[in-house]
Amino acid sequence: MHKLSILVLHGPNLNLLGQREPGVYGRVTLDEINRLLEKEGQALEADVTALQSNHEGVLVDAIHEALGRHQGILINAGAYTHTSVAIRDALAGVTLPTVEVHLSNIYRREEFRHHSWIAAVAIGQISGFGAESYRLGLQALVYHLRQSPTSG
């Protein structure tokens, strides 16, 4: 079994985790989430590379650059989930298996959060489990990649 490489993308305002609306997003910080993913990646024999940006174009560029470098993408696009056709098109364009994750259950929140532009181009979506959503998403993505006949 060869080692997989997974790109983890965190969208806008996720750098404020731990202090931003703790009643919605909890007290876990982005650094803690990244450490959780790195530890889980080691257990799954997958290298995890994380990037957070508040800028849509930076996320789009990272998706483009993932082609040929990573086998899959784990993404919490934050508010861009509900607004960014550009991120959706980038994911569709690189055709890397992608899992969408959210800390909160977006379907129990404001109506505008119920629509995800990413969902239609992702292999799946996990939301509502706090930081655990990321861990579950990484597990699901690695499982999918290991089951794929082209993953080796």
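Please refer to the structure higher up on the page.
As the structure is a prediction and not an experimental result, all values here were calculated from the model. Position numbers for residues count from 1 along each chain, tracking the sequence in the order it is written. Given that this is a predicted model, residues contribute local features only at a pLDDT of at least 70 and side-chain atom pairs are listed and counted only at 80 or more, while totals for whole chains, interfaces and linings are drawn from all residues. Hydrogens and waters are ignored; side-chain quantities use all the structure's heavy atoms.

1. Quick word on the overall build of the chain
Each helix and strand counted, the chain has five helices and five strands in total. Only DSSP runs of H or I reaching four residues or more are called helices, and only runs of E reaching two or more are called strands; each is numbered from the N terminus. When the elements of the chain are put in sequence order from the N terminus, they spell out β-α-α-β-α-β-α-β-β-α. Only C-alpha atoms enter the radius of gyration; for comparison, a globular chain is expected to reach 2.2 Å times N to the power 0.38, where N is the number of residues. For the chain, whose C-alpha radius of gyration is 14 Å, the value lies close to the compact-globule estimate of 15 Å for 152 residues. Across its three principal axes, the chain shows a C-alpha extent of roughly 40 × 30 × 25 Å. Counting across all 152 residues of the chain, residues that qualify as buried make up 45%. We call two residues in contact whenever any of their non-hydrogen atoms come within 4.5 Å of each other. Counting contacts in the chain only where the partners sit at least 6 residues apart, residues at least 24 apart contribute 77% of the total. For every residue, the accessible area obtained with a 1.4 Å probe (protein chains only) is divided by the maximum for its type, and the residue is called buried under 20%, exposed over 50%, and partly exposed between those limits.

2. Overview of the sheet that holds strand β1 (residues 4-10)
Note: strands within a sheet are paired through backbone hydrogen bonds, in either parallel or antiparallel orientation. Pairing is parallel across the open sheet formed by five strands, whose spatial order is β2-β1-β3-β4-β5. Of all strands in the sheet, those bounded by a partner on one side alone are β2 (46-52) and β5 (124-127). Taking each pair of neighbouring strands and ignoring which way they run, the sheet shows an average axis angle of 20°. Strand pairing is assigned whenever DSSP detects at least two bridges linking the two strands. Looking at chain direction, strand β3 (residues 72-76) and strand β4 (residues 98-102) are connected through three bridges and run parallel. Within β4, the residue paired with leucine 74 across the bridge is valine 99. For every element, the axis is a line fit to its C-alpha atoms; helices are fit only across the contacting stretch, and the angle between N-to-C directions ranges from 0 to 180 degrees. Lying on the sheet, helix α3 (residues 56-66) is in contact with β1, β2 and β3; it crosses β1 at an angle near 170°. Packed on one face of the sheet, helix α5 (residues 132-147) meets β1, β2, β3, β4 and β5 and runs near 145° to β1.

3. Observations regarding unusual backbone geometry
Even without being a glycine, asparagine 13 presents a positive backbone phi close to 75°. For asparagine 13, the position within the fold is in the loop between β1 and α1 (22-25). The phi dihedral of glutamate 45 is positive, around 55°, even though this residue is not glycine. Relative to the assigned elements, glutamate 45 resides in the loop between α2 (30-43) and β2.

4. Regarding the nonpolar core
As used in this record, nonpolar core signifies buried Ala, Val, Leu, Ile, Met, Phe, Trp, Tyr and Cys residues forming a set joined through side-chain atoms within 4.5 Å. Counting residues in hydrophobic clusters, the biggest one holds 20 residues, and the most contacted among them are Ile6, Ile33, Leu37, Leu74 and Tyr134. Elements with a contribution of two residues or more to this core: β1, α2, β4 and α5. Formed by 18 residues, the second largest nonpolar core is a distinct cluster that contains Leu7, Ala77, Tyr80 and Ala90.

5. Comments concerning α5
A helix is expected to span 1.5 Å for every residue after the first. With 16 residues, α5 should reach 22 Å at 1.5 Å per residue; the first-to-last C-alpha distance of 22 Å fits that figure. Within α5, burial applies to Ser133, Tyr134, Gly137, Leu138, Leu141, Val142 and Leu145. In an axial view of α5, the angular spread of the buried residues amounts to 160°, which keeps them on one side of the axis. Buried residues belonging to α5 abut β1, α2, β2, β3, β4 and β5. Think of the arc as the fan of directions from the helix axis to the C-beta atoms.

6. A short note on the side chain of serine 84
Within the secondary structure, serine 84 sits in the loop between β3 and α4 (85-94). Discounting residues that sit within four places of it in the chain, serine 84 has contacts with Glu56 and Trp117.

7. Quick look at the environment of glutamate 38
One can find glutamate 38 in helix α2. Between the C-alpha atoms of glutamate 38 and serine 133, which are 95 residues apart in sequence, the distance is 14 Å.

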